[in-house]
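Structural characterization, general
Residue-level listing of the chains:
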Amino acid sequence: MFFVPWILVWAWILPLPDTVQEQVDEAIGYGFDGMIVYVDEAGKEPAFYSGGWHHRKNKIPADPKALFKIASIGKLYVAVAVAKLTNDKRLSLDKTLADYFPELVGRIENAEKITLRLMVQHRSGIPNYVDHPGFWENPPNSNEAALELAIEMPASFEPDEDYGYSNTNYLLLRKLIDKVVGYNNHQYIKEEILIPLKLNNTFGSLSEVNIDDVMSGYYVGHEEDFKTDEVGMLATAEDVGIFLRALNNGSLLDEGEQDIYSSIYVYEHTGLVIGYQSIAKYHKDIDTVVIQLVNTTNFDGYTWNLSEIAYSRIVKIVRSKNSS
C-alpha cells in the first residue's frame, strides 16, 4: 500500500468539463501558478488556452503566446539535426564516442563501444549528470562542468544492454554538432528547422530574448522566480506545436532523413526543469497536436502527476468534441 495524495485522485475522477478552458481553470485551482495549452486539430484554426499567472508577484495573467523553457523537448530538435547530418554523410551513426571525441577515451567508460546511434537512443550507458550526488547542491554553471560530473560517475550499464535516459548523451550530441558544422548547434537547428518552418519564436538561450516575454517559473514552497536560470531552448506553445506536427506528418524531413530519424528517436516528448514542465504530443487517431506548458514544479512527482492528469483530460475533451 502506498500513499496517493487525495487531490490526484480527485483530479482524476471528477466529471470531465465541457471545454478545454474549464479544464485549464480546474488545474489552476489545484495549485499551478500558470498554464498554457495549444490545440491544433487538422482542418481547424489552432486554439490557445491559458490560466493563472505569467508573473505571480506582479499579477500579470498567463499569456498563451509567452516564451517558455521547453527543457527536454529540445532533444527532438537535436535528434532531427543528427538525422539531417547523417543523411548528408557528415555524421555516421555507427562511429563511436572515441572516434568523435578521442579526448574522452579513458574518461567516459566504454567510449570505444558507444556509437552515435546509442547516444541518440539513450542506450549508451553514459550516466546522467543530474544523478550526480552533488548536482542539486551545487548545480553546474556550464556544459563543461556538467560533463565533468558525468565523467566522475561509473557507467550506468554496458552499451546497448539497457535503456537509461541521460541528458549527458544530448550534451555530447550538441557538442558534436558544433564540431561537425563548425559553429553553434542552435544556429544549425535554426537554419535547418526553425527558418524553413517559420518558427520565429524559438530560441537557443535567454540572451536572445526579452526576459519579460518569458513566463515566470516557480518551485512549490518557494517565492523565487526561476526564469533567469539559463537552461536551454525557449519557445512559444504554438512554435512547439508547429514543429511537432511537421515532425509527425513528414513535412520536416525528406525521405532519407525520415528513414534515419524513425530508426533512432521518438516523435513526442516531455520536459522538466526547475519551474517549468511541458508535454508535447501528436495524437494520430484525431490528427491533433496538444501542447501543455505549466510553470510550477516540484521534484517529488506530485506536480508532474497532476499535470499529466490535466493533460489526459484535455485530450479526452478534444477527442470527445472530435467524435461528436
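Higher on the page you've got the structure.
Below, the structure is looked at part by part. (Residues numbered from 1 in each chain as written. Predicted model: local features only at pLDDT ≥ 70, side-chain atom pairs only at ≥ 80, totals over all residues. Heavy atoms only, no water.)

Let's talk about the overall build of the protein
Broken down by element type, the protein carries 11 helices and 11 strands. Counting only C-alpha atoms, the protein reaches 55 × 45 × 45 Å along its principal axes. Buried residues in the protein amount to 53% of all 324 residues. As presented, the protein carries roughly 14900 Å² of accessible surface, and 51% of it is formed by carbon and sulfur atoms. (Helix = DSSP H or I, 4+ residues; strand = E, 2+ residues; numbered from the N terminus. Buried < 20%, exposed > 50% of the residue type's maximum accessible area, 1.4 Å probe, protein only. Areas by Shrake-Rupley, 256 points an atom, 1.4 Å probe, with all protein chains shown as cover.)

Description of the sheet that holds strand β7 (residues 234–235)
Spatially, β4-β7-β5 is the arrangement adopted by the three strands of the open sheet, whose pairing is antiparallel. Because the sheet does not close on itself, it has two edges, and the strands there are β4 (68–69) and β5 (202–203). In this structure, β4 lies alongside β7, joined through two bridges in antiparallel fashion. Of the residues in β7, the one forming a bridge with lysine 69 is leucine 234. (Pairing = 2+ DSSP bridges.)

Some points on unusual backbone geometry
Trans is the common state for peptide bonds, and a negative phi is the common state for residues other than glycine. A positive phi angle, close to 50°, is found at alanine 71, a residue other than glycine. Topologically, alanine 71 is positioned in the loop between β4 and α3 (74–87). Even without a glycine there, the phi angle at aspartate 160 is positive, about 70°. Turning to its location among the elements, aspartate 160 is positioned in the loop between α6 (143–151) and α7 (167–181).

Comments concerning empty space enclosed by the protein
Tallying each qualifying case throughout the model produces one cavity of 30 Å³ or more. Size it by volume and the largest cavity reaches roughly 30 Å³. Forming the boundary of the largest cavity are Ile108, Glu109, Gly125, Ile126, Pro127, Ala150, Ile151, Met153 and Ala155. Considered class by class, the residues forming the lining of the largest cavity number seven nonpolar, one polar and one charged. (1 Å grid on protein atoms, 1.4 Å probe; cavity = no way out; pocket = protein on both sides within 12 Å on 5 of 7 lines; lining within 4 Å. Points joined across faces, edges and corners; volume = space filled by probe spheres on them. Nonpolar A, V, L, I, M, F, W, Y, C, P; charged D, E, K, R; others polar.)

What to know about the nonpolar core
Across soluble globular proteins, nonpolar side chains show a tendency to be buried alongside one another. By size, the foremost hydrophobic cluster in this structure holds 79 residues, and its most contacted members are Tyr77, Leu97 and Phe243. Sort the elements by how many residues they give to this core and α3 lands first, with nine residues. When residues no more than four places from it in sequence are discounted, the contact partners of tyrosine 77 are Ile70, Ile189, Ile193, Leu194, Met233, Val240 and Phe243. Grouped together as the second largest cluster of nonpolar side chains are 21 residues, Tyr30, Ile286, Leu306 and Tyr311 included. (Core = buried A, V, L, I, M, F, W, Y, C linked by side-chain atoms within 4.5 Å. Contact = heavy atoms within 4.5 Å.)

A few points about the layout of surface pockets
Reported here for the largest pocket is a volume of approximately 1600 Å³. Within the residue set of the lining of the largest pocket, elements represented by two or more residues are α3, α6, α7, α8 (185–194) and β8 (269–273). Here the element with the most residues in the lining of the largest pocket is α7; it accounts for six residues. Among the residues making up the lining of the largest pocket, the classes are represented as 20 nonpolar, 19 polar and 10 charged. When its volume is computed, the second largest pocket comes out at roughly 150 Å³. Lining of the second largest pocket is provided by 13 residues; of these, Val20, Glu41, Tyr49, Val318 and Lys321 occupy positions nearest its centre. Mapped onto the lining of the second largest pocket, the elements with two or more residues apiece are β1 (34–41), β2 (47–55) and α11 (302–323). Class assignment of the residues belonging to the lining of the second largest pocket gives a composition of six nonpolar, one polar and six charged.

Limitation: the analysis is restricted to geometry and does not speak to function.
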